[in-house]
Amino acid sequence: MFKNYFKIAFRNLWKNKTSSAINIFGLTIGLTSCLLIALYIKHELSFDDFEKKGDRIARVIMQYSFDGSPETSGGNYTSVRVAPVFKRTFPEVESAIKMMLRERIINYNDKYIDEKKFMFADSTFFDMFSFKLLQGDVHSALSGPYKAVVTESTAKKYFGNEDAVGKTFRLGSDSNLYIITGVVEDCPANSQIQFNFMASFSSLGISREHENSYWNANFTTYLLLRDKKSIATLQAKLPAFMKKEMEGQGATVNFFLEPFDQIHLHSPYAGFVPNNNISYIYILAGVALLILVIACSTYINLSTARSIERAKEVGVRKVIGAEKKQLFWQFIGESGLMCMIALVLSFIAAALLLPAFNQLTDKELHAASLFSAQFILFSLLVVVSVSLIAGSYPALVLTGFQPVKVLKGSFKNTGSGQWLRKSLIVFQFAISVFLIVSTFIIQKQLYYIQHKDLGYSREHVLMLPLTNSMQKNIRLIKQEFRQNPDIISVSECDRSPVEGGGGYNMRSATMPANQQIAVFANPIDEDYIETTGMQIIAGANLTEQDIKNASLDTLATFQFILNESAAKQLGWKTPQEAIGKKMFLDDTRPGYVKAVVKDYHFQSLHDPIKSMVLFPENWGTRLLVKLRGNNLPGTISFLETKWKELVPTRPFEYRFMDEDYNKLYNAELRLGKVMNLFSTIAIVLACLGLFGLSSYSAQQRIKEIGIRKVLGASVGSIVIALSKDFVKLSLIAILIAVPVAWWAMSKWLQDFVYRTNMSWSIYFIAGAVTILLAVATVSFHAIRAALMNPVKSLRSE
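Residues numbered from 1 in each chain as written. Predicted model: local features only at pLDDT ≥ 70, side-chain atom pairs only at ≥ 80, totals over all residues. Heavy atoms only, no water.

Enquirer: Describe in detail the overall build of the chain, supporting the description with residues and values.
Expert: Scanning the chain for helices and strands turns up 26 helices and 22 strands. Burial statistics for the chain: of 797 residues in total, 52% are counted as buried. Taking all contacts inside the chain whose residues are at least 6 apart in sequence as the whole, residues at least 24 apart take part in 80%. For the chain, the accessible area works out to roughly 36,200 Å², and carbon and sulfur atoms hold 57% of it. (Helix = DSSP H or I, 4+ residues; strand = E, 2+ residues; numbered from the N terminus. Buried < 20%, exposed > 50% of the residue type's maximum accessible area, 1.4 Å probe, protein only. Contact = heavy atoms within 4.5 Å. Areas by Shrake-Rupley, 256 points an atom, 1.4 Å probe, with all protein chains shown as cover.)

Structure, rendered in structure tokens:
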């Protein structure tokens, strides 16, 4: 029986090649899209699930404020005091560790290599986290200064087939010799902790002064709790404890705990790897479902449209004794066979397209995951579901035919199934309009992000990392760089405008000492304003003498540059009023306001502009080089030559400031690319279904068209007659989709403080595109039918 079902199903597919090809192609695209999106979602949802103690680990987030100022978040940075104090004080804490990820220069055999994933961690790291140590002892590998472990791939990179344990290296020109005490498995791709080198935290040589303070927050603290319920218990104790700790200091510091397994998709605070957003996971899952629904709708539409052709077959089968359930399962079998063919093709397509998809999502997804038992089982469940959903209605329609009516030919005059086909067309195009509008608005916001006046210039600004050993030659380096006419200016600073500033506090001279205002601040030199293109709206720029005055051991006086927000927060009504006023930064840097710059965005456009203080210093971690952009390869080659001559102990590595800016919007940029792709796929699938349906519609009305032509109807009037019903359905789809898209995109844009507007033109363009696509799709068959010789179409009458 099943063999017979299979043979009949295969014959029907082969007989109706066009509709079968459309259905299989549509289902293949839909399933391929679902497979790729499911693979991405599985990867994101599986972050850190290999951590055996992950449900007991919490990350500590710092919040602070000064008397009279609103609370400010210190993000995931805390001082070194937090870990030991929390472990000693709270019975809920089983263990606590401090970590820091930095870029370091590895000096091995007098070769200098820039290592971007160099981490410092406490000796109990391997007790808390589930990273497997292949060589070395977990208890002693990081117990003591100047000890380090390396990942397996890093060991091969540096030492080849030699044993890495016992090898030594230095950090840049530092005299301290680090010894490798272990080799650890490479960090899983779905881990928020990523490193190539991990050195003992004690190697940093943190002073006692830092250990006794909750300030100087430059480290990440993780707590291992005795059970997962302890997070809420400990969180309830922290406010009272910290109030007592900070009593009489004129400031408050508080901490809250983030469950480790919630960080990657739910935390607003950065980690060691870029976070994702659970909302975007939901969006992608929704897009995958909508694409699959469109593919299923196309199948249902074409199957019910072809029901008249198969009506006589069903009538004959019923007359000779076929039962309704036998016919039902035969049609379900046809649906299942089509879906299985599409599934096989989709697996092949997904494997072939995975490298391009990885580039699109900036992930390292592997084809092997597609063929895992879990994924194959998931895919089979999807296919069974699609087979039943897409095949059930056509099967019920076909098996419900009355053989007497069918065999008499009277069935052709009924409108069975038309309401469903029209509903599905409306549904398909409503989804397409929704995705078109969403994509347009996302792209408009991304355009707004890329072209908004940020208050500084990020174009053609090259960034070079600096080390402490380079400070004595920094003037010479800047002077040598400026010899090139294609270099406009060079500046030393701690952070670029994109990177913001560190956490400080400020007050004016008229404010009491215990009344402080939290502020971001950034040490700069006299060339920073010119290099970054900031606009001074009051006062004058820093001079070289200002830098020297700020670096005096005694009687140091600082000249400050404030942004507009900082000047207002200190109580000055206008930028001009602030000039020359005395103020303090951290109470350790007294000075005067020398200039006020226009507010600039040193955080993403998700956040409002906050107060910023730029102050003079003779040290920095970045060298910013403003280029004219006329000859970038030649200018960069010049910089590299000079760098190797002046800084032989550090490799020449650079990046552009606009690259850092784009990283602020990694999630949004990825979403924009993915929406572009899958919106196009959804529209193609909808048009594909309409193409097949319009072909069938034209075929069913072929005699009507012949009669119209005989009576003098023009080709244009026939095309309009065949197309108008589909255009009406498109208009209904637009009316349904636009309000839904407006609501969804309004919610999405609310995440941005600075955002584009949703003008009516977006909805008009989306509607026009949809109608044009519908007309173009239908017109192909309509024109073809209108151009046919009426003699041929009427010959059988």
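Enquirer: Outline the packing of aromatic side chains, listing residues and values.
Expert: Within the structure shown, the criterion is met by 39 aromatic pairs. An angle of 50° between the planes, with centres 6.0 Å apart, marks the rings of Y214 and F255 as tilted. On the criterion of sequence distance, the pair formed by Y214 in the loop between α6 (208-211) and β10 (220-225) and F255 in strand β11 (residues 251-259) is long-range, its members being 41 residues apart. Among the aromatic residues, ring-to-ring pairing joins Y108, F118, F120, Y146, Y158, F159, F169, Y178 and F197 into one connected group. When the ring centre of F584 is taken as origin, the NZ or CZ atom of R507, which lies over that ring, is 4.2 Å away. (Phe/Tyr/Trp six-rings, centres within 6.5 Å; stacked < 30°, edge-to-face > 60°. Lys NZ or Arg CZ within 6 Å of the ring centre and 35° of its normal.)

Enquirer: Please give an account of the pairing of strand β14 (residues 502-508) that cites residues and values.
Expert: When you tally the buried positions in β14, you get six out of seven residues, the bulk of the element. With five bridges connecting them, β14 and strand β15 (residues 517-524) associate as antiparallel partners. Paired with M506 across the strands is I517, a residue of β15. Across three bridges, β14 lies against strand β18 (residues 582-585) in antiparallel orientation. Paired with R507 across the strands is F584, a residue of β18. (Pairing = 2+ DSSP bridges.)

Enquirer: Quick one: what's the story with unusual backbone geometry, residue by residue and with numbers?
Expert: Of note, the phi angle at N109 is positive, near 55°, even though the residue is not glycine. Looking at the secondary structure, you find N109 in the loop between β3 (93-108) and β4 (111-121). The phi dihedral of Y146 is positive, around 65°, even though this residue is not glycine. Inspection of the secondary structure puts Y146 in the loop between β5 (133-135) and β6 (147-151). For Y146, a relative accessible area of 27% corresponds to the partly exposed category.

Enquirer: I'd like to hear about helix α24 (residues 715-749), residue by residue, with values.
Expert: Here α24 spans 47 Å end to end across 35 residues, near enough to the 51 Å set by a 1.5 Å rise per residue. S723 marks where α24 bends most, by close to 40°. (Expected span 1.5 Å × (residues − 1). Bend = angle between axes of the 7 residues up to and from the residue.)

Enquirer: Pulling in residues and values, what's your account of the pattern of salt bridges?
Expert: Counted by the stated rule, this structure contains 25 salt bridges. In this structure, the salt-bridge partner of R482 is D527, at a minimum N-O distance of 3.5 Å. Within this pair, whereas R482 is found in the loop between α15 (474-481) and β13 (487-493), its partner D527 is found in the loop between β15 and α16 (528-532), the two being separated by 45 residues in sequence. We classify R482 as partly exposed; its relative accessible area is 39%. One continuous salt-bridge network, built from bridges that share partners, spans K478, R482, D525 and D527. (Salt bridge = Lys/Arg side-chain N within 4 Å of Asp/Glu carboxyl O.)

Enquirer: Provide a residue-level description of the side chain of S297, including the pertinent values.
Expert: By secondary structure assignment, the location of S297 is in helix α9 (residues 278-305). Reaching out from S297, the side chain makes a polar contact with the backbone oxygen of V293 at a distance of 2.8 Å. Non-local contacts of S297, meaning those with residues more than four positions away in its chain, are made with L424, F427 and Q428. (Polar contact = N/O pair within 3.5 Å; in protein donor to acceptor, adjacent residues only side chain to side chain.)

Enquirer: Describe the pairing of β10, with residues and values.
Expert: With six of six residues buried, β10 lies mostly within the body of the structure. Side chains T220, Y222 and L224 project from β10 onto one buried face, and the interleaved T221, L223 and L225 project onto a second face that is buried too. Sheet analysis places β3 next to β10, joined by six bridges and oriented antiparallel. Paired with A96 across the strands is L223, a residue of β10.

Enquirer: Can you explain the state of the cysteines? Please cite residues and give values.
Expert: This structure, assessed with the given rule, holds zero disulfides. As a non-bridged cysteine, C34 has C296 as the owner of its nearest cysteine sulfur, 8.8 Å distant. Summary of cysteine pairing: C296 is not part of a disulfide, and the nearest cysteine sulfur, belonging to C339, is at 6.9 Å. For C296, a relative accessible area of 8% corresponds to the buried category. (Disulfide = S-S within 2.5 Å.)

Enquirer: Give me the lowdown on the environment of A21, citing residues and values where you can.
Expert: In this structure, A21 sits in helix α2 (residues 17-45). Using a relative accessible area of 43% as the deciding quantity, one classes A21 as partly exposed. Spatially, the C-alpha atom of A21 lies 9.7 Å from that of M338, the residues being 317 residues apart in sequence.

Enquirer: Give me the environment of D527: which residues, what numbers.
Expert: With relative accessibility at 13%, the residue D527 sits in the buried group. For the pair D527 and T543, spaced 16 residues apart in sequence, the C-alpha to C-alpha distance is 8.4 Å. In contact with D527, other than residues within four places in its own chain, are K478, R482, V490 and S491.

Enquirer: How would you explain the packing of α15 against helix α20 (residues 632-646) if you had to name every residue and give the values?
Expert: To characterise two packed helices, one gives the angle between the axes of the helices and the distance between these axes. Running from N to C, α15 and α20 cross one another at 150°; their axes reach a closest spacing of 10 Å. Viewed along their axes, α15 and α20 adopt a mutual orientation that is roughly antiparallel. Crossing of α15 against α20: the hand is right-handed. Contacts from L476, I477, E480 and F481 of α15 reach α20 at F638, L639, K642, W643 and L646. (Axes fitted to C-alpha atoms, helices over the stretch in contact; angles between N-to-C directions. Parallel < 35°, antiparallel > 145°, perpendicular 65-115°, else oblique. Left-handed = near helix turned anticlockwise from the far one by under 90°.)

Enquirer: I'd love a proper account of the side chain of T221, names of residues and values included.
Expert: On the secondary structure map, T221 appears in strand β10. Taking relative accessible area as the criterion, T221 reaches 0% and is therefore assigned buried. Within the structure, the side chain of T221 is placed 2.6 Å from the side chain of T78, a separation counted as a polar contact.

Enquirer: Account for a nonpolar patch on the surface, with residues named and values stated.
Expert: Among the surface-exposed residues, I341, V344, L345, I348, L352 and L353 lie close enough to one another that they form a single nonpolar patch of about 530 Å² accessible area. Looking at where L352 falls in the secondary structure, it is placed in helix α11 (residues 324-361). L352 sits in the exposed class, given a relative accessible area of 66%. (Patch = residues over 30% accessible without salt bridge, like charges linked within 9 Å, V, L, I, M, F, W, Y side chains within 5 Å.)

Enquirer: Could you give an account of the environment of A155, with specific residues and numbers?
Expert: Here A155 lies in helix α5 (residues 152-159). In the structure, A155 is positioned 25 residues away from I180 in sequence and 9.8 Å away in space, judged by C-alpha atoms.

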